[in-house]
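Survey of secondary and tertiary structure
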Amino acid sequence: MARVMIIGAGGVGQVVTHKCAQVPEVFSDILLASRTKAKCDRIAERVYQQYGRKIQTAALDADKPKNTIKLIKKFKPDMVINVALPYQDLPIMDACLATRTHYLDTANYEPKDVAKFEYKWQWAYHEKFKEAGIMAVLGCGFDPGMTNIYTAYMKKHYFKKMKYVDIVDCNAGDHGKAFATNFNPEINIREITQKGRYYENGEWKEIDPMSVHKPIDYPGVGPKESYLLFHEELESLVKNFPEIERIRFWMTFSENYLTHLRVLQNVGLTSIKPVVFQGKKIVPLEFLKALLPEPASLGENYRGKTVIGVQIEGEGYSGQMERRFIYNICDHAESYKETGTQAVAYTTGVPAMLGAMMVLTGVWKGAGVFNVEEFDPDPFMEKIGQYGLPWQETTF
Ligand SMILES: NC(=O)c1ccc[n+]([C@@H]2O[C@H](COP(=O)([O-])OP(=O)(O)OC[C@H]3O[C@@H](n4cnc5c(N)ncnc54)[C@H](OP(=O)(O)O)[C@@H]3O)[C@@H](O)[C@H]2O)c1
């Protein structure tokens, strides 16, 4: 029986709230707090209609630790699940430290004025969390999150030495809009317009954005053009499994999506450099975000599936070469039926709920800051299917 405070009432927050509400034996009391309280209330109402459970809600600006500290002191959660934006990671971690509350998130910290995400800022909190005797679990969504756990599982069960790791992420769904992003547009566009990066033979190699691509055959979906991007789990997986010789991240994009993105970039709308408009400073990307559909609103007409997984080639425990592929297929319409959001938010929110459960039930233990591949993957892999993300295994 634990009290959990969820911060962020977007698409992912909606899924986490539904999922926690489905498990009252662990999450006995739930508070959903976000910048716009009306969004929390809408989610709480849906949860009440669906499961008859009352969720508390609150308005919170989590940019300032003092606001979060005040709310934590009032609600007294055992854990905070942060599914607001990456900009809030550090202020929320500060609030957790000040109140000795466990912390979990799904995306690493990113400063607002530089499009750069790295773990160094959050890893620097390790000693402080350790001294406080609390845990911070970083990157417990799908990718990062499930992909790190798939990798840890394959290391534990199949590979003496993992040589080549490819994380493959396909969204073969269609939301019927001309252009929209599947999660927060600002974060999504910052992620894919920066230079691509992968790791090979001890060094990071940089490429121009979207310049390396190839078709990858996704189970249940077929071949889809996939683009090499930098993604945050590459950084932690290389640190925690130094044996890896090469690791890359691939994501599918449709021609339509890429054409829209090119045009928006060419006219300057994806820039994060402020411009003066009618006497006021505005950030073009923030303005663009205001025009695009909210990710949480995409679910209703979304059809198709996501397929995300990890392919590993390396030396097996009996000395032979092994190729293993673990993946999940998630259906947009089914995710919507259950939680009112599409599969990208669903596949992020389910591991966040289960990660919180692992900590609160004492299965994942420790004090400090951890990436999820540092824990035993087996208890997580045993349970994740029953909560909505069954996995499959094959060779490739
Ligand atoms: N690991 C993964 O697989 C994965 C995949 C997708 C997304 N993510 C991460 O999940 C997080 C949520 O994504 P999303 O798609 O749900 O985004 P979203 O729909 O934009 O939701 C973000 C929510 O955070 C709230 N918020 C923003 N600033 C805040 C502040 N200062 N204080 C309190 N609340 C604040 C927003 O409030 P308003 O409604 O008032 O704007 C919004 O409700 C992001 O960090 C994203 O990077 C991870």
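Residues numbered from 1 in each chain as written. Predicted model: local features only at pLDDT ≥ 70, side-chain atom pairs only at ≥ 80, totals over all residues.

Going by an unreviewed UniProt entry, the protein carries the name Saccharopine dehydrogenase family protein and comes from Thermospira aquatica.

**Quick notes on the site of the ligand**
Our working definition: We count a residue as near a molecule or strand when its backbone-placed C-beta atom lies within 6 Å of that partner. Only runs of H or I of at least four residues qualify as helices and only runs of E of at least two qualify as strands under DSSP, and these elements are numbered from the N terminus. Note that the domain bounds reflect an automated or database-derived domain assignment.
Among the 35 residues in the neighbourhood of the ligand, the closest are listed as G10, R35, A107, G141 and F183. Only α1 (11-21) and α13 (343-360) provide two or more residues apiece to the shell around the ligand. If you count residues domain by domain, the shell around the ligand takes at least three from each of domain 1 (2-141 + 348-380) and domain 2 (146-333).

**Points about the UniProt feature "domain: Saccharopine dehydrogenase-like C-terminal" (unreviewed entry) in the protein**
Defined as follows: UniProt positions are given in the numbering used here, feature names are shortened, and annotations may be inferred rather than shown by experiment.
As recorded in UniProt, the feature "domain: Saccharopine dehydrogenase-like C-terminal" (unreviewed entry) lies at residues 141-388. Between the end C-alpha atoms of residues 141-388 the distance is 13 Å, and the span holds 34% helix and 31% strand.

**Section: the domain arrangement of the protein**
How big an interface is tends to be reported as the loss of accessible area on association of its parts. In plain terms, the rule: Any two residues are considered in contact once their C-beta atoms, placed from the backbone, lie within 7 Å. In the scheme used here, Gly and all other residues not listed as nonpolar or charged are polar, with Ala, Val, Leu, Ile, Met, Phe, Trp, Tyr, Cys and Pro taken as nonpolar and Asp, Glu, Lys and Arg as charged.
Here the domain parsing of the protein yields domain 1 (2-141 + 348-380) and domain 2 (146-333). In this structure, domain 1 and domain 2 have C-alpha centres spaced 23 Å apart. Counting residues at the interface gives 19 residues for domain 1 and 21 residues for domain 2. At the level of elements, α1 and α14 (377-384) are the ones that each hand at least two residues to the side of domain 1 that touches domain 2. A per-class count over the side of domain 1 that touches domain 2 returns 9 nonpolar, 6 polar and 4 charged.

**A closer look at the environment of Q386**
Rules: Neighbour counting defines burial: a residue surrounded by 20 or more other C-beta atoms within 10 Å of its own C-beta is buried, one with 12 or fewer is exposed, and intermediate counts give partly exposed, using backbone-placed C-beta atoms.
For Q386, the position within the fold is in the loop between α14 and β18 (391-394). On the basis of neighbour count, Q386 is assigned to the exposed category, with 9 C-beta atoms found within 10 Å. With 333 residues separating them in the primary sequence, Q386 and R53 have C-alpha atoms 21 Å apart.

**Remarks on the packing of helix α3 (residues 65-75) against helix α4 (residues 89-99)**
Formally: Here an axis means a line fitted to C-alpha atoms, over the contact stretch when the element is a helix, while the angle between two N-to-C directions is reported on a 0 to 180 degree scale. Any angle that is under 35 degrees is reported as roughly parallel, and any over 145 degrees as roughly antiparallel; angles of 65 to 115 degrees are reported as roughly perpendicular and all others as oblique. Here a crossing is taken to be left-handed if its near helix is turned anticlockwise relative to the far helix by less than a right angle, and right-handed if that turn runs clockwise.
Relative to each other, α3 and α4 sit at 45 degrees, their axes nearing to 8 Å. The angle between α3 and α4 falls in the class oblique. As α3 runs across α4, the sense of the crossing is right-handed. Between α3, through P65, T68, I69, I72 and K73, and α4, the contact on the second element is made entirely by P91, I92, D94, A95, A98 and T99. Residue composition of the contact of α3 with α4, by class: 7 nonpolar, 2 polar and 2 charged.

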